[in-house]
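An overview of the molecular structure
Now for the letters of each chain:
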Amino acid sequence: MEVEAQFSVSLRLCNHSKPVFLDRIVFQGELDTEMTLYSSATVKPRFYRMPVTGDPVAFASLFAHNIPQIRLIRAIAHLFGLYFYTDESTKTVCVEPRFTFLTHENETDWTAKIDPEQEIILEEWGADRHRIESYRYRPGDAAVDRVNAWWGTVYGSWEANVENRFAAPDSHTITNPLFTATKDETDSLASAPHASMIVAGDRENKASLNFPAKIVRYLCLKNLPDGETWGWPGYGRQYPLVMFHSAGEDWYTLCFEDIGGQLGLKNYHLDRYRQINSGKKLTVYLHLRPGDLEQILHPNSLNRNFRGSFVFHIRGEKIRARLLEISGYRPDSTQSARCVFSVEL
């Protein structure tokens, strides 16, 4: 009988004076199983990057994607619509979703700072946008690509509609710069067929460990049904449940779209599209003093800073807006600075 077998051993150095002997081979953890190699047997070494029993494992070796830190931050911000602010005085970094980062708790009235000699412009948002803006994960995951090809869809994506009549009549894709979507499956482990495991890598190219970075959620150590074990070496009755989308007892999803009544990541972006579709863009010139900028740049307990609201009384109407941009400001000049606000109606 001719048998072809593959064995993985821990990392070691070998040469002509220090050979490696495979003189103790263990099958499925059973020490009393024997195998005899005859002189006609051939051995061909294959070197893999994957860790095996006895190899040291560290975060750096498993997360070897050569990713700059700023790229990781931008990828996470893209998913959850995060806003960042660094307070240099306290060395504190604030990270929050847009709908909690921006507050309506207090208002600062800047009506008296308006330059009456300059034009006040109130216009619609969205003229520089596309009619349909699609949020997607990065392509390149083999399992997700197969699902997309089978169903003719893009797994985990969401399309936002821009209602401005001047928006470009085409579509635009906003792709995550780092992460791919992830599928999970059962029946992938013989000793625990009910265990749900994420699919990583390409089944058509098993020798390669290269696959795009993924973002998933650790749920718990889940109990396996009777008669199933997690396998060698511990043969435990629990396994780490890590998923991208869960339709079980603890519903959650990392898809942009809503699935099965579970809110997707699109809900971190809806507030901004409400602004685009129903809000206005206000451009006004203001006479600002150094104290005004210091007040808005440094958070305080009153929230009278760029996170709060600004009020203008224009032609008898009260306008509440959020500061987006200040340009042309010079502390040594009496000229007004151009300021752009978002007006939420």
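Everything below is about the structure shown above.
This section reports on the structure supplied with the text.

Conventions used here
Residues numbered from 1 in each chain as written. Predicted model: local features only at pLDDT ≥ 70, side-chain atom pairs only at ≥ 80, totals over all residues. Heavy atoms only, no water. Phe/Tyr/Trp six-rings, centres within 6.5 Å; stacked < 30°, edge-to-face > 60°. Helix = DSSP H or I, 4+ residues; strand = E, 2+ residues; numbered from the N terminus. Buried < 20%, exposed > 50% of the residue type's maximum accessible area, 1.4 Å probe, protein only. Core = buried A, V, L, I, M, F, W, Y, C linked by side-chain atoms within 4.5 Å. Contact = heavy atoms within 4.5 Å. Pairing = 2+ DSSP bridges. Axes fitted to C-alpha atoms, helices over the stretch in contact; angles between N-to-C directions. Polar contact = N/O pair within 3.5 Å; in protein donor to acceptor, adjacent residues only side chain to side chain. Salt bridge = Lys/Arg side-chain N within 4 Å of Asp/Glu carboxyl O.

**A look at the packing of aromatic side chains**
Here a ring pair, both rings aromatic, is described through the centre-centre distance and the interplanar angle of the planes. Following the criterion strictly, the structure yields 12 aromatic pairs and no others. Ring geometry for Tyr-135 and Tyr-273: centres 6.2 Å apart, planes at 80 degrees, overall edge-to-face. Of this pair, Tyr-135 sits in strand E5 (residues 130-136) while Tyr-273 sits in helix H5 (residues 270-278); the two residues are 138 residues apart in sequence, bridging distant segments of the chain. With a relative accessible area of 1%, Tyr-135 lands in the buried category. Residue classification places Tyr-273 among the buried positions, given a relative accessible area of 4%. Ring geometry for Phe-310 versus Phe-341: centroids 6.0 Å apart, planes at 65 degrees, classification edge-to-face.

**Concerning the nonpolar core**
Leu-79, Tyr-137, Phe-179, Leu-254 and Tyr-273 are the most contacted members of the largest nonpolar core, which has 34 residues in total. Where this core is concerned, the elements lending two or more residues are helix H2 (69-80), strand E6 (158-161), strand E11 (238-243) and H5. For this core, the element with the most residues is H2, which contributes four residues. Among all residues touching Leu-254, those that are not within four sequence positions of it are Phe-80, Tyr-137, Ile-215, Val-216, Arg-217, Phe-244 and Leu-265. By size, the runner-up hydrophobic cluster in this structure holds 18 residues, among which are Leu-286, Leu-323, Ala-337 and Val-343.

**What about the sheet that holds strand E14 (residues 280-286)?**
Overall, mixed pairing links the six strands, which are arranged E3-E15-E16-E17-E14-E4 in an open sheet. Two strands close off the open sheet at either side, each with one partner strand: strand E3 (107-109) and strand E4 (121-124). Averaged over all pairs of adjacent strands, the angle between their axes in this sheet comes to 40 degrees, without regard to strand direction. Pairing geometry for strand E16 (residues 317-327) and strand E17 (residues 337-343), over six bridges, is antiparallel. Bridge pairing in E17 places Glu-325 opposite Val-340.

**So, the pairing of E6**
With burial as the criterion, only one face of E6 is covered, namely that bearing Trp-158 and Ala-160; the residues Glu-159 and Asn-161 on the opposite face remain uncovered. For E5 and E6, the ladder comprises four bridges, and the chain directions are antiparallel. If you follow Ser-134 over to E6, its bridge partner there is Glu-159.

**What to know about the sheet that holds E5**
The mixed open sheet is built from three strands, whose spatial order is E6-E5-E7. Unpaired on one side and paired on the other, E6 and strand E7 (168-175) mark the two borders of the sheet. The sheet shows a mean angle of 20 degrees between the axes of neighbouring strands, direction not considered. Bridge count between E5 and E7: six bridges; the pairing is parallel. When the sheet's bridge partners are listed, Glu-133 is paired in E7 with His-172. Across the sheet, H5 lies against E5, E6 and E7, angled at about 25 degrees from E6, the strand it touches most.

**Some points on the side chain of Glu-133**
Of note, Glu-133 is situated in strand E5. Under the relative-accessibility criterion, Glu-133 is labelled buried at 2%. At 3.4 Å, the side chain of Glu-133 and the backbone nitrogen of His-130 are in polar contact.

**Some thoughts on the pattern of salt bridges**
For the structure on display, the rule yields 14 salt bridges. When the shortest N-O distance is used, the salt bridge between Lys-214 and Asp-141 registers 2.3 Å. With Lys-214 in the loop between strand E9 (197-198) and strand E10 (217-223) and Asp-141 in the loop between E5 and helix H4 (142-151), this residue pair connects regions lying 73 residues apart in the sequence. Of the two residues, Lys-214 and Asp-141, neither departs from the other in class, the shared state being buried. Close ionic contact of Asp-258 with Lys-266 constitutes a salt bridge, the shortest N to O distance being 3.4 Å. Where salt bridges share partners, they join Arg-98, Asp-271 and Arg-274 into one cluster.

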